[in-house]
Amino acid sequence: MHPMAQYVGLDVSLEETKACVVDETGQTLWRGCCASTPDEIEKLVCKHAPNAMRVGLETGMLSVWLFHELKKRRVPIICIDARHAKAALSLQINKTDANDAQGIAQVVRVGWYRQVLVKNMDTYAIRAMISARAQLVSTALKIKNTVRGLLKTLGLILKIGSQRRYIQIARSAIHDNPVLLPLSNQC
């Protein structure tokens, strides 16, 4: 006789992950929780679902990291679209994290999910760098425009200049103003 297949649902939060293991008939075998780390989740799956066919988690803040780390550990992890999972989980009467984990386990057991393609970590690193750069450029521009606006109210119009010369242009504009002179020492 072959061992019965098991399915695991994970409801991940920043610190704690609720988990539920069901068998191929939908019977709950185990419910519990662990820390939201790949090591702890792997231990949980190995201990409580050694015959896991699928381990499901929803898209979320930690899903990319957990997905890749669990994949490396050969956990049969899948990431499911949170919007689709929400539709199935919203039918529950008592909505808790533990019940969500059980619902996710049932969803991955019966196949009522849309699996999300999780891009590799290099793709996310590039996206993070581009996003960080865009934020820094935007912040620098806002600061420059704020200074220009404040100086205009005092009748000081900054000449358009290169990015590199901006501080020099701003300092020279306020050089003779006794109210603003202390600001030039701050720049």
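Residues numbered from 1 in each chain as written. Predicted model: local features only at pLDDT ≥ 70, side-chain atom pairs only at ≥ 80, totals over all residues. Heavy atoms only, no water.

Thoughts on the nonpolar core
Ranked by internal contacts, the top residues of the largest apolar core, which has 21 residues, are Val-8, Leu-10, Ile-41, Val-55 and Ile-77. For this core, the secondary-structure elements that each account for two or more residues are strand E1 (6-12), strand E2 (16-23), helix H1 (38-48), strand E4 (52-58), helix H2 (63-72) and strand E5 (77-80). Looking at this core element by element, the count peaks at 4 residues for H2. Aside from chain neighbours lying at most four places away, what touches Val-55 is Val-8, Leu-10, Val-45, Val-75, Pro-76, Ile-77 and Ile-78. Judged by nonpolar contacts, the second largest core, of 13 residues, contains Val-22, Ala-101, Ala-105 and Val-108. (Core = buried A, V, L, I, M, F, W, Y, C linked by side-chain atoms within 4.5 Å. Buried < 20%, exposed > 50% of the residue type's maximum accessible area, 1.4 Å probe, protein only. Helix = DSSP H or I, 4+ residues; strand = E, 2+ residues; numbered from the N terminus. Contact = heavy atoms within 4.5 Å.)

Some words on a nonpolar patch on the surface
On the surface, Ile-126, Met-129 and Ile-130 cluster together into a nonpolar patch covering about 330 Å² of accessible area. Secondary-structure assignment places Met-129 in helix H5 (residues 121-153). Residue classification places Met-129 among the exposed positions, given a relative accessible area of 57%. (Patch = residues over 30% accessible without salt bridge, like charges linked within 9 Å, V, L, I, M, F, W, Y side chains within 5 Å. Areas by Shrake-Rupley, 256 points an atom, 1.4 Å probe, with all protein chains shown as cover. Salt bridge = Lys/Arg side-chain N within 4 Å of Asp/Glu carboxyl O.)

Digging into the environment of Val-45
On the secondary structure map, Val-45 appears in helix H1. Taking the relative accessible area as the measure of exposure, Val-45 reaches 5% and is therefore buried. As for Val-45 and Ala-19, which are separated by 26 residues in sequence, their C-alpha atoms are 9.1 Å apart. In contact with Val-45, other than residues within four places in its own chain, are Pro-50, Ala-52 and Val-55.

Here we look at the pairing of E1
Most of E1 sits out of view: 6 of its 7 residues are buried. The pairing of E1 with E2 spans 7 bridges and is classified as antiparallel. If you follow Val-12 over to E2, its bridge partner there is Thr-17. Between E1 and E2, which pair antiparallel in sequence order, lie 3 residues. Pairing of E1 with E4, which is carried by 5 bridges, proceeds in the parallel orientation. Across the sheet, Gly-9 pairs through a bridge with Gly-56, a residue of E4. (Pairing = 2+ DSSP bridges.)

Regarding the sheet that holds E2
Across the sheet, which stays open at both edges, the 5 strands sit in the order E3-E2-E1-E4-E5 with mixed pairing between neighbours. Strand pairing shows two members of the sheet lacking a second neighbour, strand E3 (28-35) and E5, which therefore form its edges. Taken over all neighbouring pairs, the strand axes of this sheet differ in orientation by 20° on average, direction set aside. Pairing of E2 with E3 involves 7 bridges; the strand directions are antiparallel. Each bridged residue has a counterpart across the sheet, and for Cys-20 the counterpart in E3 is Arg-31. (Axes fitted to C-alpha atoms, helices over the stretch in contact; angles between N-to-C directions.)

What to know about the pattern of salt bridges
Under the definition given, this model contains 6 salt bridges. Here Asp-39 makes a salt bridge to Arg-73, at a shortest N to O gap of 2.6 Å. Of this pair, Asp-39 sits in helix H1 while Arg-73 sits in the loop between H2 and E5, and the two are 34 residues apart along the sequence. Its salt-bridge partner being Glu-42, residue Arg-73 comes within 3.4 Å of it at the nearest N-O pair. With Arg-73 in the loop between H2 and E5 and Glu-42 in helix H1, this pair connects stretches of sequence that are 31 residues apart. A relative accessible area of 24% places Arg-73 in the partly exposed class. When salt bridges that share partners are traced, they join Asp-39, Glu-42, Glu-69, Lys-72 and Arg-73 into one network.

Observations concerning helix H4 (residues 97-110)
For H4, which comprises 14 residues, the first-to-last C-alpha distance of 20 Å matches the rise-based estimate of 20 Å (1.5 Å per residue) to within 8%. Within the sequence span of H4, burial applies to Asn-99, Asp-100, Ala-101, Gly-103, Ile-104, Ala-105, Val-107 and Val-108. Gly-111 lies just past H4 and shows a positive phi near 85°. (Expected span 1.5 Å × (residues − 1).)

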